[in-house]
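Chain residues, written in single-letter form:
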Amino acid sequence: MRSVEVFRDLQSEATTWRRYLHQNPELDYRLHNTAGFVAEKLASFGINHIETGIAETGIVALIQGEGGEGPTIGLRADMDALPILEESNKPWSSKTPGKMHGCGHDGHTAMLLGAAKYLASTRKFKGSVALIFQPAEEVLPSGALKMVQEGIMDRFDISKVFGMHNTPGIEVGKFGICHGPILASLDEFDLAVTGKGGHAARPHETVDPIVIAGQIIVGLQTLVSRNTNPLESLVVSITKLNAGTSHNIIPGHAGMGGTVRTFSPALRDFAEKQILASAQGIARAFGGDIEFQYRRDCPVTFNHSGETDLAIRAARSLVGLASVNDKMTPRISSEDFAYMLEARPGAIIYIGNGSTAALHNPAYDFNDEALPYGIGYWVNLVETVLAP
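Residues numbered from 1 in each chain as written. Predicted model: local features only at pLDDT ≥ 70, side-chain atom pairs only at ≥ 80, totals over all residues. Heavy atoms only, no water.

Caption draft 1: Inspection of the domain arrangement of the protein at higher detail. Taken domain by domain, the protein comprises domain 1 (4-182 + 300-386) and domain 2 (185-297). Spacing between the C-alpha centres of domain 1 and domain 2 amounts to 38 Å. Opposite the 10 residues of domain 1 that make contact, domain 2 presents 10 residues. Of the roughly 810 Å² buried at the junction of domain 1 and domain 2 (both faces included), carbon and sulfur atoms supply 66%. Where domain 1 meets domain 2, there are zero salt bridges. Summed over the shared surface of domain 1 and domain 2, the number is one residue pair in polar contact (both at pLDDT 80 or more). A per-class count over the side of domain 1 that touches domain 2 returns seven nonpolar, two polar and one charged. (Domains from an automatic or database assignment. Contact = heavy atoms within 4.5 Å. Buried area = accessible area lost by both parts, 1.4 Å probe. Salt bridge = Lys/Arg side-chain N within 4 Å of Asp/Glu carboxyl O. Polar contact = N/O pair within 3.5 Å; in protein donor to acceptor, adjacent residues only side chain to side chain. Nonpolar A, V, L, I, M, F, W, Y, C, P; charged D, E, K, R; others polar.)

Right, dumping it as structure tokens:
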């Protein structure tokens, strides 16, 4: 296993790649320039097996080791940006107003490219590495799900799959991970409240959907505070509320929407059932009714035990025991890498981005000092899992 110093020689080149990608962000599946850049770099490293156009603009490239026969493991990096107007004021800021790499996928791509260059030149492992460059992590339908549905796990005979994501608030050079659920599931719902409109001066002649919506919002809070075991995590957030067109008209309809996040499949079932029951009961008690739509967008991201142990070992071989927190508190955010972990055993690890702005913040920027740590982690992981 190698220390991070071995990989500092790649930092300058990887920084150039990362900043180019940062200046040229693309969204969702429309990653034509990004995918072309990645494919060109992979070919320049001497990688011969490169398949493009998976899930529209995704890429899978295979590197064969020189250590003999063995399994294939997948390493995944996401490539898409966010529809945010950048405010980082860096010299390499986005050249496209309204689009920016606000989640560090430019850094994820650059780290996997750096690892690809190193592994293609050394090949000191058995079996093969499948480099997975994924589109559309930030949107629906999920790019990870689409790549799985298009059969990448079977087509490339991937036996285990690993991911990595940067995180502000953890020092550069440190990692965080945990066994089991590490990120929550994500569901979305929409509620349309039907009432009876009328004059604002004569509310007794109406069924006010705004009042009903307010009662529903308050009522849904008890799903967490009074109907869920406090030792389990459930977050129900109302994030949209739309009603009315005039100061003196009580409208006939009101709409709201929100999200549900949890680490428990049983609580997903509970939330879907109880949001409907609670909202419907409240609306009908006031003389109105509701229409309800519930979408299961992303499952729990679950780190498998053996693969998590391998990830911890690889990270500690790079930065030492004290710099890898193997009991990181699970996060209530979600990640579509969950679909790949449903298809194959694996694990996702967090890499420190330092004291930068938060993810999805207009001032955020990936920290280039983290690049050699990410490259080194990927290389050590490959040489750990696929040791000859």
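Caption draft 2: Structural view of unusual backbone geometry. Going from Leu140 to Pro141, the amide bond is cis rather than trans, its omega being 0°. Position of Pro141 relative to the elements: it lies in the loop between β4 (128-134) and α4 (143-149). Within the chain, Asn89 stands out as a residue other than glycine whose phi angle is a positive 60°. Topologically, Asn89 is positioned in the loop between β3 (72-78) and α3 (105-122). (Helix = DSSP H or I, 4+ residues; strand = E, 2+ residues; numbered from the N terminus.)

Caption draft 3: Here's a closer look at the UniProt feature "binding site: Mn(2+)" (unreviewed entry) in the protein. Taken from the UniProt record, the annotation "binding site: Mn(2+)" (unreviewed entry) applies to Cys103, His105, Glu138, His165 and His360. These annotated residues cover 258 residues of sequence, but their C-alpha atoms sit close together, with the largest distance between any two at 13.4 Å. Considering the arrangement of structural elements, one finds Glu138 in the loop between β4 and α4. Apart from the residues lying within four places of it in its own chain, the contact partners of Glu138 are Asp80, Ala81, Leu82, Cys103, His105 and His360. (UniProt positions renumbered as here; feature names shortened; annotations may be inferred.)

Caption draft 4: Geometry of the nonpolar core. Ranked by internal contacts, the top residues of the largest apolar core, which has 61 residues, are Leu42, Leu75, Leu131, Phe133, Phe175 and Tyr377. When neighbours within four sequence positions are excluded, Phe133 is seen to be in contact with Val38, Leu42, Gly58, Ile59, Ala77, Met79, Thr109, Leu112, Leu113 and Met147. Of all hydrophobic cores here, the second largest spans 28 residues; its members include Ala55, Val161, Tyr339 and Leu341. (Core = buried A, V, L, I, M, F, W, Y, C linked by side-chain atoms within 4.5 Å. Buried < 20%, exposed > 50% of the residue type's maximum accessible area, 1.4 Å probe, protein only.)

Caption draft 5: The arrangement of the pattern of salt bridges in detail. Applying the stated criterion across every chain yields a total of 27 salt bridges. The salt bridge involving Glu5 is made with Arg8; its shortest N-O contact spans 3.1 Å. Asp78 serves as the salt-bridge partner of Arg76, at 3.7 Å between the closest nitrogen and oxygen. Residues Arg76 and Asp78 agree in their burial class; the two are buried.

Caption draft 6: Here's a closer look at helix α7 (residues 265-285). Look at α7: 30 Å from first C-alpha to last across 21 residues, which is about the 30 Å you get at 1.5 Å a residue. By the burial criterion, the buried members of α7 are Leu267, Arg268, Ala271, Ile275, Ser278, Ala279, Ile282 and Ala283. One face of α7 carries all of its buried residues, which in axial projection span an arc of 115°. Facing away from the buried side of α7 by over 90 degrees, the exposed positions are Pro265, Ala266, Lys273 and Ala285. Of the surrounding secondary structure, the elements contacted by the buried residues of α7 are β8 (185-194), α6 (209-225), β10 (234-243), β12 (253-262) and β13 (289-298). Its side-chain oxygen placed 3.2 Å from the backbone nitrogen of Ala266, Ser264 serves as the N-cap of α7. Taken from the residues just after α7, Gly287 is the one with a positive phi, measuring 95°. (Expected span 1.5 Å × (residues − 1). Arc of directions from axis to C-beta.)

Caption draft 7: Up close: the environment of Glu137. Along the polypeptide, Glu137 turns up in the loop between β4 and α4. Residues Glu137 and Gln280 lie 143 residues apart in sequence; the distance between their C-alpha atoms is 34 Å. If sequence neighbours within four positions are ignored, Glu137 has contacts with Arg76, Asp78, Asp80, His105, Ser334, Glu335 and Asp336.

Caption draft 8: Just the UniProt feature "domain: Peptidase M20 dimerisation" (unreviewed entry) in the protein, in detail. The feature "domain: Peptidase M20 dimerisation" (unreviewed entry), as annotated in UniProt, sits at residues 188-267 in this numbering. Taken as a whole, residues 188-267 contains 25% helix and 39% strand, while its terminal C-alpha atoms sit 14 Å from one another.

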